[in-house]
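Geometric and topological summary
Listed here are the chains, written in short residue letters.
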Amino acid sequence: MTSQSRVPIPPDLAKDPPPPDTRCKGHRKGEKTAPRHGAADSDSDPTLRRCIVSGESFPKERMIRFVATPDGSVVADLDGKLPGRGLWLSARRDMVETATRKRAFSRAARQALTAPPDLADQVAMQLRNRCLDTLGFARRAGLVVAGFDKVKAEAKAGRVVLLLEAEDGAEDGRRKLTALAPKAPVIDMFSGAELAAILGRDHVVHVALVAGPPAQRPLVARLEHLIDRLVAYLGQGDCAEHVPAPAQGRTEPTEPAPAHAWSEGPSEHTDFDA
């Protein structure tokens, strides 16, 4: 039997093939791992934070940051400036109540923390006082008028951007003013005594925020933002039912306007995203 001639194998194919690379590409050095199945968007988007109660992720502006004090108490950090690990909740009263009742702060932080039973009220009060304080700054800047006749004149001139009506005021005067400024939002979550105290008057029912020069528009936008934030936190319920009134007799803002007053969003911290 005639033997068949053997075909020579090229040198580059003579070596054994390398073993297949079974490593996950996401685990190679210098590469980011692939997101876990079901992981929240906050894992990859630094502008989002995850609510420790609902598990949903939202922009920081729609959340409230909480931190633990050295003694293990939980406090709200509305400015996002306090040191420590951040624990985030959707900016809603029911979320704060649920986190307090179900000890969500302790589970998220993996340590024993104490949330005061009235934490939701404390947050509401802080949000409420910020609105009133900023209204005081706006008054000092000449952007606030009070009294039916003055508000009526500004409404006729088309300069009213926001109406604040005392919740205990008469409906007749409110209807007349809202008819003159139909595009201006109407806020009725503050009492006449609260408005009078922050504006330095004996009695106030009708208050208007007016459009000022361009340099003062950030202050107007700031007040509108704070009021929107309070309304969203309280939901559709009666604001006066949930938020106790601040101490009477305040005629000036309780703190000076911070240098960052017109900037929104917390500073960068090592935050916990549950």
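The structure presented is a predicted model; accordingly, all values stated were derived computationally and were not measured.

Tracing the chain through its elements places Arg174 in helix 6 (residues 171-180). At 3.3 Å, the side chain of Arg174 and the backbone oxygen of Ala166 are in polar contact. Here Arg174 is in contact with Glu165, Ala166, Glu167, Asp188 and His206, once residues within four sequence places are set aside.

This part covers the environment of Thr98. Note on placement: Thr98 falls in helix 2 (residues 93-101). The exposure class assigned to Thr98 is buried, which follows from its relative accessible area of 19%. The spatial distance from the C-alpha of Thr98 to the C-alpha of Ala120 is 9.5 Å, given a sequence separation of 22 residues.

Overall, mixed pairing links the four strands, which are arranged 6-9-7-8 in an open sheet. Looking at the sheet topology across the chains shown, the edges are occupied by strand 6 (144-146) and strand 8 (186-187). Across the sheet, helix 8 (residues 217-234) is in contact with strand 7 (160-165), strand 8 and strand 9 (206-210); its angle to strand 7 comes to roughly 45°.

One finds Phe66, Phe105, Leu164, Phe190, Leu195 and Tyr233 to be the most contacted residues of the largest nonpolar core, which totals 56 residues. The greatest single-element share of this core, amounting to ten residues, is contributed by helix 4 (residues 119-140). Ignoring sequence-local partners within four residues, the contact set of Phe105 consists of Ile52, Phe66, Val74, Leu87, Leu89, Ala99, Thr100, Leu113, Ala115 and Leu119. Val145, Ala155, Ala184 and Ala208 belong to the second largest nonpolar core, which has ten residues in total.

It is worth spelling out the pairing of strand 9 at this point. For strand 9, the tally of buried residues reaches five of five residues, placing the bulk of the element in the interior. By the alternation rule, side chains of strand 9 split into His206, Ala208 and Val210 and Val207 and Leu209, which are all buried. As judged from the five bridges shared by strand 7 and strand 9, these two strands associate in the antiparallel manner. Within strand 9, the position partnered with Val160 by the bridge is Val210.

This part covers helix 7 (residues 192-199). Among the eight residues that make up helix 7, seven are buried, leaving the element largely enclosed by the rest of the structure. Taken residue by residue, helix 7 has Gly192, Glu194, Leu195, Ala196, Ala197, Ile198 and Leu199 as its buried positions. Phi for Gly200, located one or two positions after helix 7, is positive at around 70°.

About the thresholds
Residues numbered from 1 in each chain as written. Predicted model: local features only at pLDDT ≥ 70, side-chain atom pairs only at ≥ 80, totals over all residues. Heavy atoms only, no water. Helix = DSSP H or I, 4+ residues; strand = E, 2+ residues; numbered from the N terminus. Polar contact = N/O pair within 3.5 Å; in protein donor to acceptor, adjacent residues only side chain to side chain. Contact = heavy atoms within 4.5 Å. Buried < 20%, exposed > 50% of the residue type's maximum accessible area, 1.4 Å probe, protein only. Pairing = 2+ DSSP bridges. Axes fitted to C-alpha atoms, helices over the stretch in contact; angles between N-to-C directions. Core = buried A, V, L, I, M, F, W, Y, C linked by side-chain atoms within 4.5 Å.

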